[in-house]
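Secondary and tertiary structure notes
One letter stands for each residue in the lines below.
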Amino acid sequence: MSHLPTGVVALAGISHPRANPHGLVVGTFQSLSLSPALVCFSIGRSSTSWPKIRSAGRLCASVLAEDQEHVCRALSSKQPDKFAGIDWSLSETGVPRIAGAHAWIDCEVTEELDGGDHTIAIARVLRMDHGRGDPLVFHRGRLGSYREPRAA
Ligand SMILES: Cc1cc2nc3c(=O)[nH]c(=O)nc-3n(C[C@H](O)[C@H](O)[C@H](O)COP(=O)(O)O)c2cc1C
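Our subject in this report is the structure included herewith.

A closer look at the packing of aromatic side chains
What describes a pair of aromatic rings is the distance from one ring centre to the other and the angle between the planes of the rings. Across all of its chains, the model carries 2 aromatic pairs by this definition. A centroid spacing of 5.9 Å and a plane angle of 10° characterise the contact between Phe29 and Phe41, whose relative ring orientation is stacked. Placement of Phe29 in the loop between strand 3 (22–26) and strand 4 (30–33) and of Phe41 in strand 5 (residues 38–44) is noted, with a sequence separation of 12 residues between them. For Phe41, a relative accessible area of 1% translates into the label buried. Seen in terms of ring centroids, Phe41 and Trp50 are 5.6 Å apart; in terms of plane orientation they differ by 80°. Their pairing is edge-to-face. Exposure class is identical for Phe41 and Trp50. Each is buried.

Overview of the site of the ligand
In the vicinity of the ligand there are 17 residues, among which Val25, Ser47, Thr48, Ser49 and Lys78 approach most closely. Note that a nitrogen atom of the ligand is positioned 2.8 Å from one of the backbone N or O atoms of Ser42. Residue Lys82 places a side-chain N or O atom 2.8 Å away from an oxygen atom belonging to the ligand. For the ligand, the protein covers 81% of the area, taking 620 Å² as the surface of the free molecule.

Some details on the nonpolar core
Of all hydrophobic cores here, the largest spans 20 residues; its most connected members are Leu11, Phe29, Phe41, Trp50 and Leu59. Contributions of two or more residues to this core are made by strand 2 (9–13), strand 3, strand 5, helix 1 (50–56), strand 6 (58–63), strand 9 (103–115) and strand 10 (118–130). Looking at this core element by element, the count peaks at 4 residues for strand 9. The residues contacting Leu11, other than those within four sequence positions of it, are His22, Gly23, Leu24, Val26, Phe29, Phe41, Ile43, Ile53, Leu59, Cys60 and Ala61.

Notes on the pairing of strand 9
In terms of strand pairing, strand 6 meets strand 9 through 6 bridges, oriented antiparallel. By the bridge assignment for strand 9, Val63 is matched with Ala103. Relative to strand 10, strand 9 is paired through 12 bridges, and the arrangement is antiparallel. From the neighbouring strand, Glu111 faces strand 10, where its bridge partner is Ile122. Here strand 9 folds back onto strand 10, and the loop between the two strands holds 2 residues, one of which, Gly116, carries a positive phi near 65°.

Description of unusual backbone geometry
In this model, Ser35 is joined to Pro36 through a cis peptide bond whose omega is 5°. Residue position: Pro36 is located in the loop between strand 4 and strand 5.

Points about the sheet that holds strand 11 (residues 136–139)
Taken in spatial order, the 3 strands of this open sheet run 1-11-12, and their pairing is antiparallel. Bordering the open sheet on either side are strand 1 (6–7) and strand 12 (142–145), each of which pairs with just one other strand. Bridge analysis of strand 1 against strand 11 gives 2 bridges, and the strand direction is antiparallel. Of the residues in strand 11, the one forming a bridge with Gly7 is Val137.

Observations regarding the sheet that holds strand 9
Judged by pairing direction, the sheet is antiparallel, and its 7 strands sit side by side in the order 3-2-6-9-10-5-4 without closing on themselves. Each having just a single partner strand, strand 3 and strand 4 make up the two edges of the open sheet. Along the sheet, successive strands turn relative to each other by an average axial angle of 35°, direction set aside.

Focus on the pairing of strand 10
Sheet analysis places strand 5 next to strand 10, joined by 7 bridges and oriented antiparallel. Across the sheet, Phe41 pairs through a bridge with Ala121, a residue of strand 10.

The rules we used
- Residues numbered from 1 in each chain as written.
- Predicted model: local features only at pLDDT ≥ 70, side-chain atom pairs only at ≥ 80, totals over all residues.
- Heavy atoms only, no water.
- Phe/Tyr/Trp six-rings, centres within 6.5 Å; stacked < 30°, edge-to-face > 60°.
- Helix = DSSP H or I, 4+ residues; strand = E, 2+ residues; numbered from the N terminus.
- Buried < 20%, exposed > 50% of the residue type's maximum accessible area, 1.4 Å probe, protein only.
- Near = heavy atom within 4 Å.
- Polar contact = N/O pair within 3.5 Å; in protein donor to acceptor, adjacent residues only side chain to side chain.
- Areas by Shrake-Rupley, 256 points an atom, 1.4 Å probe, with all protein chains shown as cover.
- Core = buried A, V, L, I, M, F, W, Y, C linked by side-chain atoms within 4.5 Å.
- Contact = heavy atoms within 4.5 Å.
- Pairing = 2+ DSSP bridges.
- Axes fitted to C-alpha atoms, helices over the stretch in contact; angles between N-to-C directions.

Here you go:
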């Protein structure tokens with residue numbers, strides 16, 4: 001599976017507008033359905049951040065930009081305050097968006113399915129916006145850049 005390239009998506013939720021957000025990074029984020037607009041991702045059963053994000057109900061999936069390797073490292077760590085040093089703001093839907101990301105998908109978890117040692121979460125899309133630049137890419141255990149497709 002390390003040969004399957006993925007995007008790098010930071011999932012973040014907040015229990016209260018003045019609380020600290022909770023977050024983690026996933027490489028399993030994908031579009032599931034267009035009508036209705038649904039996304040899905042897999043979460044390891046040992047994740048300590050997911051139950052906190054899940055209890056908030058809503059979350060933002062920030063598709064990290066190629067210069068956000070430091071955000072990936074912080075949110076995939078086990079440090080207590082993962083958001084120290086990360087610039088974020090609340091979106092109109094009340095979820096924490098990471099500043100400078102490539103795109104944002106605000107969503108609401110509707111279902112969790114058994115996926116072996118992972119939980120498959122399905123979420124309804126509330127709002128989407130895109131930012132700037134190119135996305136960060138994960139491939140063969142390393143973070144890298146997306147290369148523009150060759151002209152047809
Ligand atoms: C590039 C990358 C992709 C990852 N993809 C996933 C994923 O799809 N699902 C998952 O549960 N954890 C994934 N992780 C691990 C989590 O981000 C993170 O390490 C772990 O959930 C942190 O622990 P916590 O949830 O207890 O805070 C990934 C980490 C990296 C760096």
